[in-house]
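Analysis of the macromolecular model
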Amino acid sequence: MESIPFRLDTGATWLNLLATRGSAFGRHPEERIPTSERLADWLAAVELAPQATVTDADLELARELRETLRPLALSAATGEEPSPQAAPALMAFLQAHDEPLSLVAAAGPPGLERSAPKDAAAALGRLARQAAEQLTGPERHALKSCPESDCRGVFADPDGRRRWCPSPACASRGRVRAHRARKATAAETG
């Protein structure tokens, strides 16, 4: 079975975690991290490769965090009320898995480097912290949700210009639907 490509274009690493389940609200969701090996690949792709081997328990923890963050992200993007358990679940996750961040001067080009997370849980803790910061800071106003009912993917839109998520499929479907609606309106009035 061929792996479904990762989506790394949502504007924030924690939002990319949400995109590891494509068409989350459709009849046929796409699981982009079906195995612990694919989670390890994803963590490497977002520069959070842990020092320890990624396990099946880590995979379950990643999915738990993803589904904890989804209603909070949708709430920030759309104004919908999240479930009352969502914020306490994120706080509990942070309390259990957040680790201090260690920064050092970069050896190559000037800048900073961070130490690799000790394990996948610590990497996920970093994502949870990033989400909490964005969901409670001014960047929350730049979050949007794709209007495609099967997608509803949350993405950062700091310029306020995007209508759909970065997926070309969502934009194509939306444009086709809008074109058909314009044609139907023109036929009714013409």
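Right, let's walk through the structure included here. Fair warning: this is a prediction, and the values are worked out from it, not measured in the lab. (Residues numbered from 1 in each chain as written. Predicted model: local features only at pLDDT ≥ 70, side-chain atom pairs only at ≥ 80, totals over all residues. Heavy atoms only, no water.)

As a further point, take helix H5 (residues 120-136). With 17 residues, H5 ought to run about 24 Å at 1.5 Å a step, and its terminal C-alpha atoms sit 24 Å apart, in line with that. With 13 of 17 residues buried, H5 lies mostly within the body of the structure. Capping the start of H5 is the job of one residue whose side-chain oxygen sits 3.3 Å from the backbone nitrogen of Ala-121: Asp-119. (Helix = DSSP H or I, 4+ residues; strand = E, 2+ residues; numbered from the N terminus. Expected span 1.5 Å × (residues − 1). Buried < 20%, exposed > 50% of the residue type's maximum accessible area, 1.4 Å probe, protein only. Polar contact = N/O pair within 3.5 Å; in protein donor to acceptor, adjacent residues only side chain to side chain.)

This paragraph deals with the packing of helix H3 (residues 56-78) against H5. In a packed pair of helices, the relevant descriptors are the angle between the two axes and the axis-to-axis distance. For the pair H3 and H5, the least separation of the axes is 10 Å and the interaxial angle reads 5 degrees. Classified by the angle their axes make, H3 and H5 are roughly parallel. For the pair H3 and H5, the contacting residues are Asp-58, Leu-61, Ala-62, Leu-65, Leu-69, Leu-72, Ala-73 and Ala-76 in the first and Ala-120, Ala-121, Leu-124, Leu-127, Ala-128, Ala-131 and Leu-135 in the second. (Axes fitted to C-alpha atoms, helices over the stretch in contact; angles between N-to-C directions. Parallel < 35°, antiparallel > 145°, perpendicular 65-115°, else oblique. Contact = heavy atoms within 4.5 Å.)

Further remarks concern the pattern of salt bridges. If you walk through the whole model with that rule in mind, you get 13 salt bridges. Ionic pairing is found between Arg-32 and Glu-30, a salt bridge with its closest N-O pair at 3.1 Å. Using a relative accessible area of 8% as the deciding quantity, one classes Arg-32 as buried. A salt bridge links Asp-98 to Arg-129, with the nearest nitrogen and oxygen atoms 2.7 Å apart. Of this pair, Asp-98 sits in the loop between helix H4 (86-97) and strand S3 (103-105) while Arg-129 sits in helix H5, and the two are 31 residues apart along the sequence. One salt-bridge network, held together by shared partners, links Arg-21, Glu-31, Glu-60, Arg-63, Arg-66, Glu-67 and Arg-70. (Salt bridge = Lys/Arg side-chain N within 4 Å of Asp/Glu carboxyl O.)

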